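# Working through the structure, step by step
Letter by letter, the chains look like this.
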Amino acid sequence: MKYKNLIITDPEGLIFGIAPNPVKTRRGLEIGGGQVYAELNFTLPIMSICDSTLPEVYRHYREIAEGALEHALHLESKGVVLEFETLLEMTKTPTIGIEITRIMNEVCENYYQKHGLKSEIRLTPNDLREFERPAKQRTSQYLEPMMELFEKGAMAGGDLLSIESTGGKEVSDDALMNCDIKTIVFALAVLGARDMQFLWKKIVDVANKHGKIAAGDSACGFANTAMVLAEKKYIPKIFAALVRVISVVRSIVAMEEGAIGPDKDCAYEGPFLKAITGIPISMEGKTAACAHLSPIGNIASACCDLWSNESVQNIKLLSGMAPTAYMEQLEYDARLMNEALRAGKLHRDVLQQLLVASDVYTDPQALILSPENVIRISRELVKGDSYVANAKNGALMALDIIEEALASGKMKLSEMETSYLPFLREDLESIPDNESDFVEMMLPLIDQSKFTMEEYGL
Amino acid sequence: MEELLEKLLEAVEFGKVDQKSPYPPQLRGMDGSHELTMSALEAGINPQKILEEALIPAMARVGKKFSENKIFVPQMLMSARAMGASMLQLKPFFTSGDIKTKGTFIIGTVKGDLHDIGKNLVAMMIEGGGWSIVDLGVDVGSGRFIEALKSHPGAVVGLSALLTTTMVNMGEIVTSIREHMPGTKILIGGAPVNTEFCQKIGADFYAPDPQKAVEYMNKIAS
Ligand code: B12
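Conventions adopted
Throughout this document, residue positions are counted from 1 along each chain, in the order its sequence is written. Going through the entries in the order they are written, you letter the chains from A and number the ligands from 1. The predicted nature of this model means local features are confined to residues of pLDDT at least 70 and side-chain atom pairs, given and counted, to a pLDDT of 80 or more, with totals for whole chains, interfaces and linings taken over all residues. Computation of side-chain values: all heavy atoms of the structure, hydrogens and water removed. Within 6.5 Å between ring centres, the rings of Phe, Tyr and Trp (the latter by its six-membered ring) count as paired, and their orientation is classed by plane angle as stacked under 30 degrees, edge-to-face over 60, tilted in between. By the criteria applied, helices consist of DSSP H or I runs no shorter than four residues and strands consist of E runs no shorter than two, each listed in order from the N terminus. Any residue under 20% of the maximum accessible area for its type is buried, any over 50% is exposed, and the rest in between are partly exposed; the area is computed with a 1.4 Å probe on protein chains only. For the purposes of this section, nonpolar cores are sets of buried Ala, Val, Leu, Ile, Met, Phe, Trp, Tyr and Cys residues that join through side-chain atoms within 4.5 Å. Any pair of residues with heavy atoms lying within 4.5 Å of one another is described as a contacting pair. The start and end points of each domain follow an automatic or database-based domain assignment. What gets called buried area is simply the loss in accessible area from a 1.4 Å probe that two parts show on being joined, summed for both. Salt bridges are identified by distance alone: a Lys or Arg side-chain nitrogen within 4 Å of an Asp or Glu carboxyl oxygen. Side-chain atoms alone can form a polar contact between residues adjacent in sequence; in general such a contact is a pair of N or O atoms within 3.5 Å, and within protein one must be able to donate a hydrogen while the other accepts it. Under the convention adopted here, Pro, Cys and the residues Ala, Val, Leu, Ile, Met, Phe, Trp and Tyr are nonpolar, Asp, Glu, Lys and Arg are charged, and Gly plus all remaining residues are polar. The span expected for a helix works out to 1.5 Å for each residue beyond the first. Think of it as the arc spanned by the lines of direction from the helix axis to the C-beta atoms.

## A few points about the packing of aromatic side chains
Residue and element names in this part refer to chain A. Considering all chains together, one arrives at eight aromatic pairs over all chains under this definition. Between the aromatic rings of F42 and Y61, the centroid separation amounts to 6.0 Å while the plane-to-plane angle is 70°, which identifies the pairing as edge-to-face. Placement of F42 in strand β3 (residues 37-43) and of Y61 in helix α1 (residues 54-74) is noted, with a sequence separation of 19 residues between them. Here F42 and Y61 have matching classes, each one buried. One aromatic cluster is present, formed by F42, Y61 and F84 through successive ring pairs.

Put into structure tokens, the structure is as follows:
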């Protein structure tokens, strides 16, 4: 447990645009250094990726980068991050991912040289190990192309290295659908944390070797999945809120291994990571509606350093191409936050209060993201001596906060939701603090054909 | 006799697997679908009747409550488990031909795609509707669909895709099925697809959610 205390101890210190440990990039972005930048996420429209379509694939990414940066320039942007989430084929055949990175980096460099517009690429290879079941987290044949993409992609201009790694997902998928919180803790605080230690050592090595930035890892397959399921009313929102809190103990391992941010956005665990480690974070909210809906549209930006969206297809809208349109939306949000920062503490605090107040009591997932609650929960997330204890303590504090909000009448939830509260508490309280005791308790309860213990060093 | 079936229906509707299971609290200590199916068979109730008058209507109620947002997935899964416990005892009658399902449904997430949460829900609901399920898993190409169709002639096929770059693989799979197993009914779903795409690739039906898929399946079964 590297982090025993919080770097940000006061909710007032948790604010957009400012991180205790800002990150400087090659072309001069200072993420968390006093302003918010836009981070644009985009994807291909309906098409296949194969030899015959590769020129078309490359054309799309060039068009996306050029369209976005041209418009950012027009809007007098202070800087942009392009978030390149690779698709299967681009990681399996790393040369494709590398070439796309190279093309977009060329565009970035061009805008920097010609116009002084600062931009960087966040390279996020998709975790190919998912393609094998049961997963071979440590011995998979897929590790090689994935790591090749990290390394050569970094050299080609993918300066911020990220991933949404999937250690433990083979166990958590069913647990999410069953609302089985103990198994979620097992998946994230035991399997996930262990896999993160294994994987992030490698990613940090690559970053250090080439002078690049090991940025962070978001628990998309866990917390984002839970949120999307809750949004569809498939599982309780309370449960999804707890999954987010528990995912922090897994995602923080990237920082323990040497990642420095900006953390990636998908699972929305960033505010806790920022409070605990002081790194800058990326967040997405109302701007992610192109890919999935969410209950945290405004509050998500309360302490972001990069403000992002979610995969938007490169298709034509009436205004122009969709990624360009999203660039504009992100830029205007960033402008507003930056103007508040420029105007001084009073203004920035008022803006943050509005962003928080407009969402906070509408959903437990929003509730746990208010700066005050982030700090309360984060304290619990670092107080134990194991990831398991930290996960349990953090989740119990989140439950306390949810129950307080219900008791005060500020937040209302259906009976269908609240009927889960006692079960969740009982289950969490039954978890021992010690990892090996917990593993012993869980093994008989989990379908062991689903995962391989040795692949997690167990 | 009728009372037993009613009890079984209730056990499945509320997810009571067996007497020991603590869930749901209001049925604690009572017989679950396991014991009730046994009693029903002992009482000489026709297995087909058990399926059609207890299990399928129970799952239809569950499906309705789910689509009206009155229950969450975990409750639905408990019902599916209770149905599973019952089916285990009915299995010999399926093998002997004493019970007939509505048919077989082969489902899979298409090549290159690993998203399977939606697919699993659809499979579960269709099973609850009285179909046998062959779940091919994720990252499935046309070869495996054809193979499965050859082992289960006349089966209905369901394809799932969540990525803009894998939904195109649906088209290839449909073409291949049309070529090798003409007449197969093909149902598609997943966030990026819609009715227009369904028509374009020549599939038979697009369902946005499990409930609509079950309705379509019931229609083609009747
Ligand atoms: C959860 C999720 C994941 C999880 C998947 C977990 C799992 N076991 O399935 C994880 C994290 C692993 C994941 C991985 C990836 N994902 Co993803 N994922 C999602 C997300 C947020 C929700 C999907 C989901 O489970 N929804 C809940 C279920 C219940 O709904 P559903 O799947 O739509 O299914 C319902 C209906 O569609 C229908 N249905 C579904 N199938 C079928 C089939 C039939 C026959 C019928 C009748 C009906 C039907 O019924 C279901 C029940 O109502 C979507 C966002 C979205 N808009 O869908 C992104 C999304 C699809 N993913 C995306 C991406 C980019 C990826 C990755 C490439 C990310 C990366 N870089 O790592 C990888 C790709 C891996 C791969 N090759 O497949 C993008 C897609 C971009 C694009 N080009 O299309 C999306 C849109 C969001 C994003 N990240 O921006 N993802």
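## Some thoughts on the nonpolar core
One finds F16, Y61, M90 and F186 of chain A to be the most contacted residues of the largest nonpolar core, which totals 208 residues. A total of 18 residues in this core trace back to one element, the largest contributor, which is helix α6 (residues 181-210) of chain A. Discounting chain neighbours no more than four positions away, the residues touching Y61 of chain A are F42, T43, L44, F84, L87, M90, I100 and M104 of chain A. Of all hydrophobic cores here, the second largest spans 27 residues; its members include V110, I146, I177 and Y206 of chain B.

## Observations regarding the domain arrangement of chain B
All names here are of chain B. Each assigned domain of chain B is listed with its residue range as follows: domain 1 (1-96) and domain 2 (101-222). Centre-to-centre separation of domain 1 and domain 2, based on C-alpha positions: 27 Å. At the junction of the two partners, domain 1 supplies eleven residues and domain 2 supplies ten residues. A combined buried area of about 870 Å² lies between domain 1 and domain 2, and 84% of that area is made up of carbon and sulfur atoms. Summed over the three residues of domain 1 that lose the most area to domain 2, namely I56, M59 and M76, the buried surface amounts to 38% of that side. Inspection of the domain 1/domain 2 interface yields zero salt bridges. Linking domain 1 with domain 2 are zero residue pairs in polar contact (both at pLDDT 80 or more), by the criterion used here. Looking at which element gives the most residues to the side of domain 1 that touches domain 2, the answer is helix α4 (residues 73-96), with six residues. Residue composition of the side of domain 1 that touches domain 2, grouped by class: eight nonpolar, two polar and one charged.

## Details of helix α11 (residues 345-357) of chain A
Residue and element names in this part refer to chain A. Between its first and last C-alpha, α11 extends 18 Å over 13 residues, near the 18 Å set by a 1.5 Å rise per residue. Residues R348, D349, L351, Q352, L355 and V356 constitute the buried set of α11. Looking down the long axis of α11, one finds its buried residues gathered within 160° of arc, a one-sided arrangement. Along α11, the residues that are exposed and aim more than 90 degrees away from the buried face are L346, Q353, L354 and A357. Those residues of α11 that are buried lie in contact with β1 (18-24), α10 (322-343) and α13 (371-381).

## Things to note about the interface of chain B and chain A
In this assembly, 22 residues from chain B lie in contact with 25 residues from chain A. Each partner contributes to the roughly 2,200 Å² buried at the junction of chain B and chain A, and carbon and sulfur atoms together form 69% of this total. The interface formed by chain B and chain A holds five residue pairs in polar contact (both at pLDDT 80 or more) in total. For the side of chain B that touches chain A, the secondary structure elements donating two or more residues are α4, α5 (117-128) and α7 (167-180) of chain B. Here the side of chain B that touches chain A gets five residues from one element, more than from any other, and that element is α4 of chain B.

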